[in-house]
Amino acid sequence: MRKQLICVLLAIGLMPAMAQKDKDHNFEVAKNMEVFTAIYKNLDMMYVDTLNAGEVIGNGINAMLRSLDPYTEYYPENKVKELDRMLTGKYAGVGALIRYNQQLKRVVVDEPYENMPAAEAGLKKGDIILSIDDSTMADKDVAYVSSRLRGEPGTSFILKVKRPSTGKTMRMKVTRRSIQLPYLPYYGLQENGVGYINLNAFTVNSARDVRRAFLDMRRQGMKGLVLDLRNNGGGSLQEAVDIVNMFVPKGIVLVQTRGKMTRVNKDYKTTVEPIDTLMPIVVLVNGNTASSSEITAGSLQDLDRAVVLGTRTYGKGLVQMPMDLPYNGQMKLTTSKYYIPSGRCIQAINYRHARGGYTEHVPDSLTKVFHTVGGREVRDGGGIKPDVELKPDSLPNIAYYLAGARDSNEVLLNYEIDYLAAHPTIAPAKTFALSDADYEEFKRRVLKSNFKYDRETEKYLKDLVKLAKFEGYYEDAKPEFEALEKKLQHNVAKDLDYNKEAIRHIIESDLVAAYYYQGGAIQNGLRYDKQMKEAVRLIETPEDYRKILSGKK
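Procedures and definitions
Residues numbered from 1 in each chain as written. Predicted model: local features only at pLDDT ≥ 70, side-chain atom pairs only at ≥ 80, totals over all residues. Heavy atoms only, no water. Helix = DSSP H or I, 4+ residues; strand = E, 2+ residues; numbered from the N terminus. Buried < 20%, exposed > 50% of the residue type's maximum accessible area, 1.4 Å probe, protein only. Contact = heavy atoms within 4.5 Å. Areas by Shrake-Rupley, 256 points an atom, 1.4 Å probe, with all protein chains shown as cover. Lys, Arg positive; Asp, Glu negative; His and termini not counted. Charge placed at Lys NZ, Arg CZ, Asp CG, Glu CD. Domains from an automatic or database assignment. Buried area = accessible area lost by both parts, 1.4 Å probe. Polar contact = N/O pair within 3.5 Å; in protein donor to acceptor, adjacent residues only side chain to side chain. Nonpolar A, V, L, I, M, F, W, Y, C, P; charged D, E, K, R; others polar. Axes fitted to C-alpha atoms, helices over the stretch in contact; angles between N-to-C directions. Parallel < 35°, antiparallel > 145°, perpendicular 65-115°, else oblique. Pairing = 2+ DSSP bridges. Phe/Tyr/Trp six-rings, centres within 6.5 Å; stacked < 30°, edge-to-face > 60°. Salt bridge = Lys/Arg side-chain N within 4 Å of Asp/Glu carboxyl O. Left-handed = near helix turned anticlockwise from the far one by under 90°.

- Looking at an unreviewed UniProt entry, one finds the protein named Peptidase, S41 family and attributed to Segatella buccae ATCC 33574.

### Remarks on the overall build of the protein
Point 1. Broken down by element type, the protein carries 17 helices and 21 strands.
Point 2. C-alpha atoms of the protein, sized along the principal axes, occupy 90 × 75 × 70 Å.
Point 3. Looking at the protein as a whole, 42% of its 553 residues qualify as buried.
Point 4. The contacts of the protein with a sequence gap of at least 6 include a subset with a gap of at least 24, amounting to 69%.
Point 5. Entry remark: accessible area of the protein is about 30,300 Å², with carbon and sulfur atoms responsible for 54%.
Point 6. Looking at the protein, you have 79 positive and 70 negative side-chain charges, and the mean spots of the two groups are 3 Å apart.

### What about the domain arrangement of the protein?
How big an interface is tends to be reported as the loss of accessible area on association of its parts.
Point 1. Taken domain by domain, the protein holds domain 1 (27-68), domain 2 (90-180), domain 3 (186-327 + 334-392) and domain 4 (397-455 + 490-534).
Point 2. Summarising the inter-unit geometry, the C-alpha centres of domain 2 and domain 4 are found 24 Å apart.
Point 3. Counting from both sides, the interface comprises 15 residues of domain 2 and, opposite them, 15 residues of domain 4.
Point 4. Taking both partners together, domain 2 and domain 4 bury about 1,200 Å²; carbon and sulfur atoms supply 60% of that area.
Point 5. Interface area lost by domain 2 to domain 4 is led by Arg99, Gln103 and Lys125, which between them contribute 41%.
Point 6. Applying the counting rule to domain 2 against domain 4 returns three residue pairs in polar contact (both at pLDDT 80 or more).
Point 7. Residue assignment for the side of domain 2 that touches domain 4 shows that the elements contributing at least two residues are strand S3 (96-101) and strand S4 (106-112).
Point 8. Considered class by class, the residues forming the side of domain 2 that touches domain 4 number six nonpolar, five polar and four charged.

### What about the side chain of Asp495?
Point 1. With respect to the helices and strands, Asp495 occurs in helix H14 (residues 492-498).
Point 2. Residue Asp495 is classed as buried on the basis of its relative accessible area, which comes to 10%.
Point 3. Within the structure, Asp495 has its side chain in polar contact with the side chain of Tyr453 (distance 2.5 Å).

### Digging into unusual backbone geometry
Glycine aside, residues mostly have negative phi, and peptide bonds are mostly found in the trans state.
Point 1. Although it is not a glycine, Asn115 sits at a positive phi angle of roughly 60°.
Point 2. Residue placement: Asn115 occurs in the loop between S4 and helix H4 (117-120).
Point 3. If you check the backbone angles, Asp304 has positive phi at about 55° while not being a glycine.
Point 4. Note on placement: Asp304 falls in the loop between helix H8 (292-302) and strand S16 (307-310).

### A closer look at the packing of helix H16 (residues 530-540) against helix H17 (residues 542-550)
Point 1. In contact at an axis separation of 5 Å, H16 and H17 are set at 95° when each is read in the N-to-C sense. Here H17 runs roughly perpendicular to H16, going by the angle between their axes. Contact residues: Arg537, Leu538, Ile539 and Glu540 in H16; Pro542, Asp544, Tyr545 and Ile548 in H17.
Point 2. Here the contact of H16 with H17 is built from residues that sort into five nonpolar, no polar and three charged.

### Some details on the environment of Arg106
Point 1. For Arg106, the location among the structural elements is in strand S4.
Point 2. Assessed through its relative accessible area of 19%, Arg106 is described here as buried.
Point 3. Spatially, the C-alpha atom of Arg106 lies 38 Å from that of Tyr327, the residues being 221 residues apart in sequence.
Point 4. Setting aside chain neighbours within four positions, we find Arg106 in contact with Arg99, Tyr100, Asn101, Ile128, Ile129, Leu130, Met137, Ala138 and Asp139.

### Comments concerning the sheet that holds strand S12 (residues 224-228)
The strands making up a sheet associate through backbone hydrogen bonding, with each pair oriented either parallel or antiparallel.
Point 1. With mixed pairing, the six strands of this open sheet are ordered in space as S10-S11-S12-S15-S16-S21. Every interior strand has two partners, whereas the edge strands, strand S10 (186-189) and strand S21 (388-389), have only one.
Point 2. Bridge count for strand S11 (residues 194-198) against S12 is five bridges, and the pairing is parallel. When the bridges of S12 are listed, Asn198 appears paired with Asp228.
Point 3. Sheet contacts for H17: strand S15 (281-285), S16 and S21; angle to S16, the most-contacted strand, approximately 100°.

### Remarks on the packing of aromatic side chains
Point 1. Enumeration over the complete set of coordinates arrives at nine aromatic pairs.
Point 2. Relative to Tyr453, the ring of Tyr401 has its centre 6.0 Å away and its plane inclined at 50°; by these criteria the two rings are tilted. Of this pair, Tyr401 sits in helix H9 (residues 397-403) while Tyr453 sits in the loop between helix H11 (436-448) and helix H12 (456-471), and the two are 52 residues apart along the sequence. Like Tyr401, the residue Tyr453 is buried in the burial classification.
Point 3. Seen from their ring centres, Tyr415 and Tyr419 are 6.2 Å apart, and the 45° between their planes marks the pair as tilted. Here the residue Tyr415 and the residue Tyr419 both occupy positions in helix H10 (residues 411-422), the gap between them amounting to four residues, near one helical turn.

### Considering the pattern of salt bridges
Point 1. All chains considered together, the criterion is met by 31 salt bridges.
Point 2. Between Glu73 and Lys332 there is a salt bridge; the shortest N-O distance is 3.3 Å. On the criterion of sequence distance, the pair formed by Glu73 in strand S1 (residues 73-75) and Lys332 in strand S18 (residues 330-339) is long-range, its members being 259 residues apart.
Point 3. Since its relative accessible area comes to 32%, Glu73 is described here as partly exposed.
Point 4. Residue Asp436 pairs with Arg504 through a salt bridge whose shortest N-O separation is 2.9 Å. Of the two residues, Asp436 sits in helix H11 while Arg504 sits in helix H15 (residues 500-525), which places them 68 residues apart along the sequence.
Point 5. On the accessibility criterion, Arg504 (13% relative accessible area) is buried.
Point 6. Because the salt bridges share partners, they merge into one network encompassing Asp418, Glu441, Arg444 and Arg445.

### Describing the packing of helix H6 (residues 206-219) against helix H7 (residues 237-245)
Point 1. Their axes nearest at 8 Å, the elements H6 and H7 cross at an angle of 20°. Classed by the angle they form, the pair H6 and H7 counts as roughly parallel. For the pair H6 and H7, the sense of crossing is right-handed. Touching Ser206, Ala207 and Val210 of H6 are Glu239, Asp242 and Ile243, all from H7.
Point 2. Looking at side-chain class alone, the contact of H6 with H7 contains three nonpolar, one polar and two charged residues.

If you want it as structure tokens, here you go:
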């Protein structure tokens, strides 16, 4: 009784302090809102130039939001469609990737999507976009052309393009329709009996289609599953819960969202019986695996249901919801954090925009330890740390310049366009490979084009020379520096030979995508994907797979 009395007295004592704190906070809010309004009124009335209210106040709003986390954003009426597209993964257009051709200084078609208006109209990789209706696209950038290709579903326009392989100019009528970006571009049972599902977004019906893919492969005799979430930026939280529910029992709390307001606090449970709780699963992740992808990978890891393989994930543990604003604007507002089965939040500890901390992966010494259901240690503090850390092969610098549109000669694109024109068909996506003779032809073109690129070794050497001169060591080591500089001179032919496999894989991927779309390119690339190979090895080696999930060294 005495303890209860003391507790009551303490609570009564705290109430005036809490009330005072709320009062002070409300006063600060009112004061600063009044100051902001007064500043703008004076600017509008007395500033030397006429103000654009939408721009000036919009800048103020955006500056305010930038002091928070990187996901809270304001969308005025003219940009609300961007938010809708982000939330749904849908837009109305022609369904094609476009890019800027550095050589032609024009926007060209890069990759039409399968079964979409662009592909159905016959557009091909490299087609130069000349005009849309009567509006020329000369001297326009990608953003401008993209905005003209998009529009209301059902509306049509006349597209004029030039096909570089033939030199012909073509006019075609294209009708826009709702485009659903391919969220499950490929799945298939590999020759070793391991199933593979590539999921690149958590949009409506993605869980349904993952389920169908799994059941289809299981009927074919699948003995293990690789779920590829690399470069999957997330999406619907519920879809992630539904996918995990396929592999873990009913009644488990997978995600808890917790925020300031009670109405945003929610527990997401598995609600149906699973379709498989025993088949070995490996989840592939990387630094672009974020949000709902991290919920999926982290939940399967926390429940010891799958081995996570790859590199540390992005680290987005914040939840947003759209809110309506006056005059048809909207705001995407961070309302809560989410916690996965072990109780951890994988958001980086310091996530405020102003500090740049949201991309920070803090050292393990500053994180908190949690445990999986089997007792393995896992940590919070920024992303999911894989059970098996394995980096992909890095892209050579010469390949980056060839593939990244940094080459003003566009030698790679031109080679691929000519290859497509000369080969009406190619081998199936799974087996297609560029021949040595084809690669030699590509090499010949690169050398003839006088291709140039910045070599990292030369950059580092120049920096080292500057430092040596600054510290007074250069003159003594001058002969060695000059000898090294000669050895590091550009030798493009040698670099093309040394990096042959990496460059050939890029060409193969581009060509296969042109014939078999995104799914074909993924299927072709699995042949030399070392993370995929390690995932398959784990599934085929049950003792290693079980050892990882048991936490035994």
